[in-house]
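Architecture at a glance
If you want the building blocks of each chain, they are given just below.
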Amino acid sequence: MPEQGPSRPSPAAPDPDARLTVAVCTVGRPAFLRALRLLAAGDTAAVAELIVVDNSGGVLDRGAAAAAAAPLAVRVLDGTGPASAGRNLALAEARTDVVLFFDDDCLPEPDWAREMAGYMAAEPEVAAAFGHVEPVPRPGWRLRTAVLPLLGENAWGTADSPEGELWCPAVSAPSWRAGTVTGEPTVPWCAVGSSNNLALRRSRLLPGRPAFLPHLGPGTGAGSGEDTELGYALMRAGRGVAYVPQAGLLHDSWMPPSSAEQAHRGYIRGNVEALGHHALRGDAHAARLLAAYVGHFRTDNDYGLREFGDILEWAYGSLSAGAERPPLRKSDLALSGAAPEPVAAAAVPVERGVPAQDGGRAR
């Protein structure tokens, strides 16, 4: 499990040479225009430009997006669908060394861009910095956490609704310490965060490979895992990876049980394939993390899955050998208005309380 050191304070005002590019890949989620308005209304002195990668397939109203982000300079790029390809495109097209990513279901705090720009200017050796994420508040919502042996601590939100217990993933755990991670490499979502609030320094990324592997992430057969792989790869290579709690945003992604199960399937696939990418290349530490991750899910999930084969069958469905894997992202359900039939699993009672330490919904 990693350790972290103290962070340096952000400078009072951004240096002109320390400006950054804000980038977002969008599939046209309902929160997107509100996110742009909040970004533009905040402190944007450090923002040189906003890059929007349009992965919506024609859903996005580009004029409305530009108006929502005014007076920020906006460039809209045509994406090919997958989030990894879109983020790699934004990195290639950016005119600043630091690119700050958020997802189109996330709402920036007023000082989000300023705080991240200040931190990256103060820490020139940091390759990746993850900001703080909380769920968009709902009445009576609860922050839940789980410690995964060898990996660290994961967090998510839960809330009651007529549809059942809602779930909001990819948020920050209270135990995470500000600053650069030290110690053994791990998955970023158990130590620093996820790609929904992530700054990358282009000059400190790994040479000879894309930042985000194109076969991982939303819009690919894996459905997720692009940030797991990148964060682990940077830590493994000794590049600075940090948690910046003062750069905050809210995650507007409350999912009902059927959608949460679909997202969990994507997380299993993405994390297994992200760590497997390194394990299959002889990385024994990645193999240990992979075993710890699957072992935790096996002993602590809401779906009654206890055998490894059952977990894989649940995660990957009835895919035939040689068949092409369909793209998968958690927002497909919300955009289509239809949910797939849940995969049948043995009913196992799961206690649902309100303790800060819990299991069953770990990513």
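All figures in this text were calculated on a predicted structure; none of them were measured in a lab.

**A short note on the overall build of the protein chain**
From N to C terminus, the protein chain includes 9 helices and 13 strands. The contacts of the protein chain with a sequence gap of at least 6 include a subset with a gap of at least 24, amounting to 80%. Surface exposure of the protein chain reaches about 14500 Å², of which carbon and sulfur atoms provide 55%.

**Looking at the sheet that holds strand E9 (residues 152–159)**
Taken in spatial order, the 3 strands make up an open sheet running E8-E9-E10, and their pairing is antiparallel. Each edge of the open sheet carries a strand with a single partner, namely strand E8 (142–148) and strand E10 (166–168). For this sheet the average axis-to-axis angle between neighbouring strands, irrespective of direction, equals 35°. With 7 bridges connecting them, E8 and E9 associate as antiparallel partners. Each residue of the ladder has a partner; that of Arg142, found in E9, is Thr158.

**As for the confidence of the model for the protein chain**
With 85% of its residues at a pLDDT of at least 70, the protein chain reaches an overall mean of 89. Low pLDDT, under 50, characterises residues 3–14; the stretch is placed with 33 contacts to residues that sit more than four places away or in other chains. Of the regions scoring below 50 in pLDDT, residues 338–357 engages in 32 contacts with residues more than four places distant in sequence or in other chains.

**Some thoughts on the pairing of E9**
The buried fraction of E9 is high, at 8 of 8 residues. Where E9 lies against E10, 3 bridges are found, and the strand directions are antiparallel. Looking at E10, one finds that Ala159 is bridged to Leu166. Between the end of E9 and the start of E10, which pair antiparallel, lie 6 residues, with Gly164 showing a positive phi angle near 115°.

**Things to note about the packing of aromatic side chains**
For the structure shown, the criterion picks out 8 aromatic pairs. Centre to centre, the rings of Trp189 and Tyr293 are 5.8 Å apart; their planes meet at 75°, and the pair counts as edge-to-face. With Trp189 in the loop between strand E11 (179–182) and strand E12 (197–201) and Tyr293 in helix H7 (residues 284–299), this residue pair connects regions lying 104 residues apart in the sequence. For Trp189, a relative accessible area of 2% gives the class buried. A relative accessible area of 1% places Tyr293 in the buried class. Grouping aromatic residues by their ring pairs yields a cluster made of Phe297, Tyr303 and Trp314. The ring of Phe212 carries the charged tip of Arg87 above its face, separated from the ring centre by 5.2 Å.

**Thoughts on the nonpolar core**
Judged by nonpolar contacts, the single largest core of 74 residues is most densely connected at Val22, Phe102, Trp112 and Leu200. Among the elements that line this core, the one with the most residues is strand E13 (residues 240–251), at 7 residues. The contacts of Leu200, once residues within four sequence positions are left out, are Leu91, Asp97, Val98, Val99, Phe101, Met120, Ala127, Ala128, Leu205, Phe212 and Leu230. Ile268, Val272, Tyr293 and Ile311 belong to the second-largest nonpolar core, a separate cluster that totals 28 residues.

**Structural notes on the packing of helix H6 (residues 257–279) against H7**
Interhelical geometry of H6 versus H7 gives an angle of 160° and a closest axis separation of 8 Å. What the angle tells us is that H6 and H7 run roughly antiparallel. Between H6 and H7 lies a crossing of left-handed hand. Of the residues in H7, those touching H6 at Tyr267, Ile268, Asn271, Val272, Leu275, Gly276, His278 and Ala279 are Ala286, Ala287, Leu289, Leu290, Tyr293, Val294 and Phe297. Each residue belonging to the contact of H6 with H7 can be placed in one class, and the counts come to 12 nonpolar, 3 polar and no charged.

**Examining the pattern of salt bridges**
Counted by the stated rule, this structure contains 17 salt bridges. Between Arg29 and Asp105 there is a salt bridge, with the nearest N and O atoms lying 3.7 Å from each other. Of this pair, Arg29 sits in the loop between strand E2 (20–26) and helix H1 (32–41) while Asp105 sits in the loop between strand E5 (98–102) and strand E6 (106–108); the two residues are 76 residues apart in sequence, bridging distant segments of the chain. As a salt-bridge pair, Arg75 and Glu93 come within 3.3 Å of each other at their nearest N and O atoms. Here Arg75 is found in strand E4 (residues 74–78), whereas its partner Glu93 is found in helix H3 (residues 83–93), with 18 residues between them in sequence. Given a relative accessible area of 35%, Glu93 falls into the partly exposed group. Because the salt bridges share partners, they merge into one network encompassing Asp43, Asp111, Arg114 and Glu115.

**Focus on helix H8 (residues 308–316)**
What H8 keeps buried is the set Ile311, Trp314 and Ala315. The buried residues of H8 occupy an angular sector of 95° when projected down its axis, which confines them to one face. Along its buried surface, H8 packs onto H6 and H7. Downstream of H8 by one or two residues, Gly317 has phi in the positive range, about 70°.

Reading the values: the criteria
- Residues numbered from 1 in each chain as written.
- Predicted model: local features only at pLDDT ≥ 70, side-chain atom pairs only at ≥ 80, totals over all residues.
- Heavy atoms only, no water.
- Helix = DSSP H or I, 4+ residues; strand = E, 2+ residues; numbered from the N terminus.
- Contact = heavy atoms within 4.5 Å.
- Areas by Shrake-Rupley, 256 points an atom, 1.4 Å probe, with all protein chains shown as cover.
- Pairing = 2+ DSSP bridges.
- Axes fitted to C-alpha atoms, helices over the stretch in contact; angles between N-to-C directions.
- pLDDT = per-residue confidence, 0-100.
- Buried < 20%, exposed > 50% of the residue type's maximum accessible area, 1.4 Å probe, protein only.
- Phe/Tyr/Trp six-rings, centres within 6.5 Å; stacked < 30°, edge-to-face > 60°.
- Lys NZ or Arg CZ within 6 Å of the ring centre and 35° of its normal.
- Core = buried A, V, L, I, M, F, W, Y, C linked by side-chain atoms within 4.5 Å.
- Parallel < 35°, antiparallel > 145°, perpendicular 65-115°, else oblique.
- Left-handed = near helix turned anticlockwise from the far one by under 90°.
- Nonpolar A, V, L, I, M, F, W, Y, C, P; charged D, E, K, R; others polar.
- Salt bridge = Lys/Arg side-chain N within 4 Å of Asp/Glu carboxyl O.
- Arc of directions from axis to C-beta.

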